[in-house]
Amino acid sequence: MLPDQCSVMEDGKQCVNPPEFIVSIVADKDEYMVGVTCEKHKQIVSGKIGILQNEGKIHEGKISFSPVKAVGTDCIHGDADDFVQIDMNRSKN
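Owing to the predicted nature of the structure, the values given are computational and were not obtained by experimental measurement.

J.: Summarise the pattern of salt bridges; cite the residues concerned and give the values.
T.: Between side chains of opposite charge, a pair can form when the charged atoms approach closely. Tallied over the entire structure, the rule returns two salt bridges. The closest approach of N and O atoms between E55 and K57, which form a salt bridge, is 3.4 Å. K57 sits in the exposed class, given a relative accessible area of 60%.

And the structure:
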């Protein structure tokens, strides 16, 4: 599953555009997904990833933009019992 919106925030607001590209870092034989973006924010995301790589905060490697492809299937069915909620605000002991 992918987010239904671009990963970029502008002026504190989430971009409302649908994702057009999966953004990943290709390093050696591995590939790490780092987000999704729309065409409008592709250059901004590329620049930010370059900065984070220079700061050592994410893997060094080539930035890859792969077009999002819609896939449909009728073999996967789910209901509310299939979803798991993760509490991200756990108290620290």
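That shown, we press on.
J.: Hey, could you go over the nonpolar core for me, with residue numbers and the actual values?
T.: In this structure, C6, V8, C15, V23, I25, C38, V45 and I49 together form the largest nonpolar core, which totals eight residues. Elements with a minimum of two residues in this core: β3 (21-27) and α1 (42-54). In this structure, V8 is in contact with K13, Q14, C15, T37, H41 and V45, ignoring residues within four places of it in sequence.

J.: Kindly report on the environment of A27, identifying the contributing residues and their values.
T.: Residue placement: A27 occurs in strand β3. For A27, a relative accessible area of 14% gives the class buried. As for A27 and K62, which are separated by 35 residues in sequence, their C-alpha atoms are 6.6 Å apart. Not counting the four nearest positions on each side in its chain, A27 is found in contact with Y32, E60 and G61.

J.: Give a detailed account of the sheet that holds strand β4 (residues 30-37), specifying residues and quantitative values.
T.: Across the sheet, three strands lie side by side as β4-β3-β5; this open sheet has antiparallel pairing. Because the sheet does not close on itself, it has two edges, and the strands there are β4 and β5 (62-67). The average angle at which neighbouring strand axes cross in this sheet is 30°, direction not considered. The sheet contacts of α1 involve β3, β4 and β5, and relative to β5 the element is tilted by about 150°.

J.: So what about α1? Which residues, and what values?
T.: In a regular helix each residue adds 1.5 Å, so 13 residues correspond to 18 Å; α1 covers 19 Å between its end C-alpha atoms and thus fits that length. Within the span of α1, buried status applies to V45, I49, G50 and Q53. Buried residues of α1 fall within an arc of 140° about the axis and therefore sit on the same side. Along α1, the residues that are exposed and aim more than 90 degrees away from the buried face are Q43 and N54. Along its buried surface, α1 packs onto β3, β4 and β5. Note on α1: the residue one or two positions beyond its end, G56, has a positive phi of about 75°.

So, how was this worked out
- Residues numbered from 1 in each chain as written.
- Predicted model: local features only at pLDDT ≥ 70, side-chain atom pairs only at ≥ 80, totals over all residues.
- Heavy atoms only, no water.
- Salt bridge = Lys/Arg side-chain N within 4 Å of Asp/Glu carboxyl O.
- Buried < 20%, exposed > 50% of the residue type's maximum accessible area, 1.4 Å probe, protein only.
- Core = buried A, V, L, I, M, F, W, Y, C linked by side-chain atoms within 4.5 Å.
- Helix = DSSP H or I, 4+ residues; strand = E, 2+ residues; numbered from the N terminus.
- Contact = heavy atoms within 4.5 Å.
- Pairing = 2+ DSSP bridges.
- Axes fitted to C-alpha atoms, helices over the stretch in contact; angles between N-to-C directions.
- Expected span 1.5 Å × (residues − 1).
- Arc of directions from axis to C-beta.

Everything listed here is a matter of geometry and, on its own, says nothing about what the molecule does.
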